[in-house]
Amino acid sequence: MARKLLLTHIDVPGINTFEVYRQKGGYRAVEKALKTLSPDDVVEEVKKSGLRGRGGAGFPTGMKWSFLAKPEGVPRYLVCNGDESEPGTFKDRFLMTKIPHALIEGMIVSSYALGANTSYIYIRGEMMPQIRIVEQAIAEAKAAGFLGKNILGSGYDLEIYVQPGGGAYICGEETALLESLEGKRGNPRIKPPFPAVAGLYGCPTVVNNVESIAATVPIVNDGGEEYAKIGIERSTGTKLISASGNIVRPGVYEIELGLPVEEFIYSDDYCGGIANGKRLKAIVAGGSSVPILPTNLAMTTAKGEARLMTYESLADGGFVTGTAMGSGGFIAFDEDQCIVRNTWNFTRFYHHESCGQCSPCREGTGWMEKVLHKIEYGHGDISDIELLWDIQRKIDGNTICPLGDASAWPVASAIRHFRDEFEWHILNPRESQTRNFGLAHYADPLVPVV
Amino acid sequence: MLSIQENMTVEFTPALLDSFADVVSRYPEGKQKSALLPILHLVQAEFGWLSIDAMDKVALFLRIKPIEVYEVASFYTMYFLQPKGKYVLEICRTGPCCLVGAERIMQHIENKLGVKEGDVTADGLFSWRGVECVAACGFGPVLQIGPEYTFYENLTEESIDSLIDDLKQKAKNQ
């Protein structure tokens with residue numbers, strides 16, 4: 001079995017409580033950091049670990065931390081992003097439910113490294129049960145002396161508060177999250193200034209994903225170099241993958257980065273293959289925003305190498321033949337699924353979630369949704385495919401935040417890889433209402449990629 | 001879109017005001033507006049929805065303008081600006097849940113309750129609506145019921161039937 005760092009004790013009864021978590025070696029990272037390391041030492045370990053942001057962007061966490069401005073007399077904030085809303089992603093919910101103290105311990109270590117004395121965990125409002133669990137964990141940690149004034153006699157003070165969201169995908173974007181935390185609409189801010197300079201209440205702020213923060217615990221415990229030994233190249237450590245769709249064993253899996261995609265799908269240690277004896281048609285590897293890939297390209301890069309679960313290998317071939325790691329939201333589509341319908345569904349999602357600030361996204365997502373709806377329900381015109389291509393191209397890169405890009409990529413990739421399915425829908429409007437296109441040659445691993 | 005069908009005068013109890021003050025204490029001096037989203041959740045849990053009067057009173061409490069409350073309440077999808085059923089069944093309608101039958105489940109709920117999406121049943125007990133991804137894709141189809149957002153996973157027609165029956169029974173016993 002692969003090495004686990006975050007979910008090692010996930011099956012231990014009562015691991016959600018302070019007592020059991022502590023018995024299993026929990027809060028050692030806090031003791032080590034506060035008693036033997038300076039804040040800069042902790043930053044250095046995280047840099048050495050090569051940890052990359054687990055929320056989707058994959059930006060090196062240590063580098064993000066080193067950008068934090070430190071003007072005299074101005075408070076600094078750490079804000080944890082638990083607004084998990086990317087379709088296909090449910091790892092943070094899992095982590096917070098099962099082992100909330102891993103997040104709290106990581107929050108303490110990370111806040112210490114950044115010199116923050118007040119930190120917030122922003123959790124999407126629909127996760128009320130998880131909000132209760134995390135608040136309970138904070139109370140337990142505080143009662144045990146790991147939060148509050150003068151933690152473990154180190155002179156370091158820290159309070160952590162949970163902030164519920166109000167139901168908005170856009171608040172997963174870090175500046176929208178900060179706006180929301182300030183009690184406003186979740187409209188992303190224009191950058192620069194970046195949050196590292198002017199974030200929460202205009203103060204220097206770091207925003208990190210739940211999983212990234214939890215990953216600082218093994219990094220402090222074992223050292224950054226040890227963490228960096230796991231994985232391949234610039235994809236170090238372990239990653240939580242949320243697996244959903246038409247697979248035998250949906251759920252959250254901790255993988256060592258570098259695992260072949262094929263093994264992840266078919267091994268009984270992970271997804272366990274495609275459900276109901278069907279064949280795999282396509283995958284989305286990192287949440288709905290990343291390009292969808294037909295089976296052949298999912299398993300093998302255009303160069304003919306086995307595709308691996310790493311930031312580099314998933315992105316191999318760029319957006320023409322590759323995809324992205326994203327948030328690790330892995331969705332499998334079997335041969336009975338309709339790519340047109342799914343693309344319409346995802347586009348409706350982005351239209352619904354667009355904050356409305358930038359015209360290309362506000363108008364473009366709605367326009368694409370209408371066109372896709374038209375095709376799906378048998379009223380499409382062959383020129384609609386070029387129209388969709390044109391709209392997505394004009395959204396991509398032309399908005400304040402990446403939601404615009406995220407709405408464009410699924411449409412672009414669906415057309416790029418599944419154009420014949422779109423054409424079939426349009427040319428067979430009646431038939432497409434009664435049956436699906438099915439598994440076409442492009443999804444057959446035996447047919448070489450053109 | 002902010003569309004107000006009716007208003008409802010509300011009175012905040014001392015206990016509720018205490019919980020507001022507890023939320024405000026999490027933020028630095030002068031940043032009490034940060035408490036807006038959590039306080040709106042508390043108000044909605046108490047009264048079932050956010051009336052104009054409730055929002056105005058929140059504005060007064062936080063020393064901000066009413067428009068600052070309306071613009072937030074109308075932006076986020078969790079806040080109800082008109083009365084809903086006692087139990088609002090929110091079914092995830094995004095891609096991964098649809099791969100495992102969410103659309104069929106929504107159709108079943110519509111048939112079972114006999115009301116369209118967003119409407120309230122005649123007995124005032126139920127509303128339902130499709131919501132976007134609730135981050136439980138591996139356990140789909142899923143639905144959630146506020147204000148505690150209890151989750152019901154791996155839904156089937158049968159589990160929906162027994163859930164609705166259970167809720168009816170629960171309401172009767174209250």
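Just so it is clear, the model here is predicted, and its values are computed rather than measured.

Novice: Go over the pairing of strand β1 (residues 87-92) of chain B with me, naming the residues and quoting the values.
Specialist: Residue and element names in this part refer to chain B. Counting buried positions along β1 gives 5 out of 6 residues, so the element sits mostly inside the fold. Sheet analysis places β1 next to strand β2 (residues 126-131), joined by 6 bridges and oriented parallel. Of the residues in β2, the one forming a bridge with Leu-89 is Trp-128. Two strands pair when backbone bridges link them, and β1 and strand β3 (residues 143-145) are joined in this way by 3 bridges, in the antiparallel orientation. Residue pairing in the sheet places Glu-90 in a bridge with Gln-144 of β3.

Novice: Break down the nonpolar core for me, citing the residues and quoting the values.
Specialist: Of all hydrophobic cores here, the largest spans 181 residues; its most connected members are Val79(A), Leu95(A), Leu103(A), Val109(A), Val134(A), Ile283(A) and Ile91(B). Element by element, the count of residues in this core is highest for helix α18 (residues 403-427) of chain A, at 10 residues. Those residues in contact with Leu95(A), other than ones at most four positions away along the chain, are Leu6(A), Ala102(A), Leu103(A), Val210(A), Glu211(A), Ala214(A) and Leu240(A).

Novice: Can you tell me about the sheet that holds β1(B), naming the residues and giving the values?
Specialist: All names here are of chain B. Spatially, β2-β1-β3-β4 is the arrangement adopted by the 4 strands of the open sheet, whose pairing is mixed. Only two strands of the sheet have a single partner each, and these edge strands are β2 and β4 (150-152). Within the sheet, the average angular offset between the axes of one strand and its neighbour, ignoring direction, is 25°.

Novice: I'd like a description of the domain arrangement of chain B, backed by residues and values.
Specialist: For an interface, size is often stated in terms of accessible area lost upon the parts coming together. Domain boundaries assigned for chain B yield domain 1 (14-75) and domain 2 (87-173). Taking the mean C-alpha position of each, domain 1 of chain B and domain 2 of chain B sit 28 Å from one another.

Novice: Tell me about the interface of chain A and chain B, and name the residues and values.
Specialist: If you look at the interface, chain A gives 45 residues, while chain B gives 33 residues. For the side of chain A that touches chain B, the secondary structure elements donating two or more residues are α7 (128-143), β3 (159-164), α8 (174-181), β7 (238-245), β8 (251-256), β11 (329-334) and α15 (339-353) of chain A. With 6 residues, the single largest contributor to the side of chain A that touches chain B is α15(A). Along the lines of polarity and charge, the residues of the side of chain A that touches chain B split into 17 nonpolar, 21 polar and 7 charged.

Novice: Lay out the packing of helix α3 (residues 39-49) of chain A against helix α9 (residues 210-222) of chain A in plain terms, naming residues and giving numbers.
Specialist: Residue and element names in this part refer to chain A. Between α3 and α9, the least distance of the axes is 10 Å, while the angle of their chain directions is 100°. Classified by the angle their axes make, α3 and α9 are roughly perpendicular. Here α3 contributes Val-42, Glu-45, Val-46 and Ser-49 to the contact with α9, which in turn contributes Thr-216, Ile-219 and Val-220. Classifying every residue of the contact of α3 with α9 by side-chain character gives 4 nonpolar, 2 polar and 1 charged.

Novice: With reference to specific residues and values, describe the domain arrangement of chain A.
Specialist: Residue and element names in this part refer to chain A. Under the domain assignment used here, chain A contains domain 1 (18-229), domain 2 (240-334) and domain 3 (339-443). Each of domain 1 and domain 3 has a C-alpha centre, and the two are 36 Å apart. The interface of domain 1 with domain 3 comprises 10 residues on the first partner and 9 residues on the second. When grouped by side-chain class, the residues that make up the side of domain 1 that touches domain 3 number 7 nonpolar, 2 polar and 1 charged.

Novice: Describe unusual backbone geometry, naming the residues involved and giving the relevant values.
Specialist: Residue Lys191(A) is joined to Pro192(A) through a cis peptide bond whose omega torsion reads -5°. By the element assignment, Pro192(A) lies in the loop between α8 and β4 (205-209). In this model, Gly146(B) is joined to Pro147(B) through a cis peptide bond whose omega is 0°. Positive phi outside glycine occurs at Asn150(A), with the angle close to 50°. By secondary structure assignment, the location of Asn150(A) is in the loop between α7 and β3. Judged by the 10 C-beta atoms lying within 10 Å of it, Asn150(A) falls in the exposed class. Even without glycine at this site, Leu152(A) takes up a positive phi of about 50°. Inspection of the secondary structure assignment puts Leu152(A) in the loop between α7 and β3. Given 15 C-beta atoms within a 10 Å radius, Leu152(A) is considered partly exposed.

Novice: Break down the confidence of the model for chain B for me, with residues and values.
Specialist: All names here are of chain B. On average, residues of chain B carry a pLDDT of 94, and 97% of them reach 70 or more. When mean pLDDT is compared element by element in chain B, helix α1 (residues 14-24) scores highest at 98, while β4 scores lowest at 94. Predicted complex metrics record ipTM = 0.95 and pTM = 0.95.

Novice: Tell me about the UniProt feature "binding site: [2Fe-2S] cluster" (unreviewed entry) in chain B, and name the residues and values.
Specialist: All names here are of chain B. Mapped onto this numbering, the UniProt entry gives "binding site: [2Fe-2S] cluster" (unreviewed entry) at Cys-92, Cys-97, Cys-133 and Cys-137. Across 46 residues, the annotated set stays spatially compact, with a maximum C-alpha separation of 8.9 Å. Inspection of the secondary structure puts Cys-92 in strand β1. Leave out the neighbours within four places in its chain, and Cys-92 touches Cys-97, Ala-102, Val-131, Cys-133, Val-134, Gly-140, Pro-141 and Val-142.

Parameters and conventions
- Each chain carries its own residue numbering, running from 1 in the written order of its sequence.
- Throughout, the order in which chains and ligands are written sets their labels, letters from A for the former and numbers from 1 for the latter.
- For this predicted model, a pLDDT threshold of at least 70 governs which residues receive local features, and a threshold of 80 or more governs which side-chain atom pairs are given and counted, while totals over whole chains, interfaces and linings are taken from all residues.
- Exposed residues have 12 or fewer other C-beta atoms within 10 Å of their own C-beta, buried residues have 20 or more, and partly exposed residues fall in between, where C-beta atoms are placed from the backbone.
- Helix and strand definitions follow DSSP, with helices as H or I runs of at least four residues and strands as E runs of at least two, each counted in order from the N terminus.
- Two strands form a pair only when DSSP identifies at least two bridges running between them.
- Under the definition applied here, buried Ala, Val, Leu, Ile, Met, Phe, Trp, Tyr and Cys residues are grouped into a nonpolar core through C-beta atoms within 7 Å.
- We call two residues in contact if the C-beta atoms placed from their backbones are at most 7 Å apart.
- Fitted lines through C-alpha atoms serve as axes, helices being fitted only where they are in contact, and the angles separating the N-to-C directions of these axes extend from 0 to 180 degrees.
- Where each domain begins and ends follows an automated or database-derived domain assignment.
- Classification convention: Asp, Glu, Lys, Arg as charged; Ala, Val, Leu, Ile, Met, Phe, Trp, Tyr, Cys, Pro as nonpolar; all other residues, Gly among them, as polar.
- Angular relationships are summarised with four words: roughly parallel below 35 degrees, roughly antiparallel beyond 145, roughly perpendicular across 65 to 115, and oblique for the angles in between.
- pLDDT gives the predictor's per-residue confidence on a scale running from 0 to 100.
- UniProt positions are given in the numbering used here, feature names are shortened, and annotations may be inferred rather than shown by experiment.

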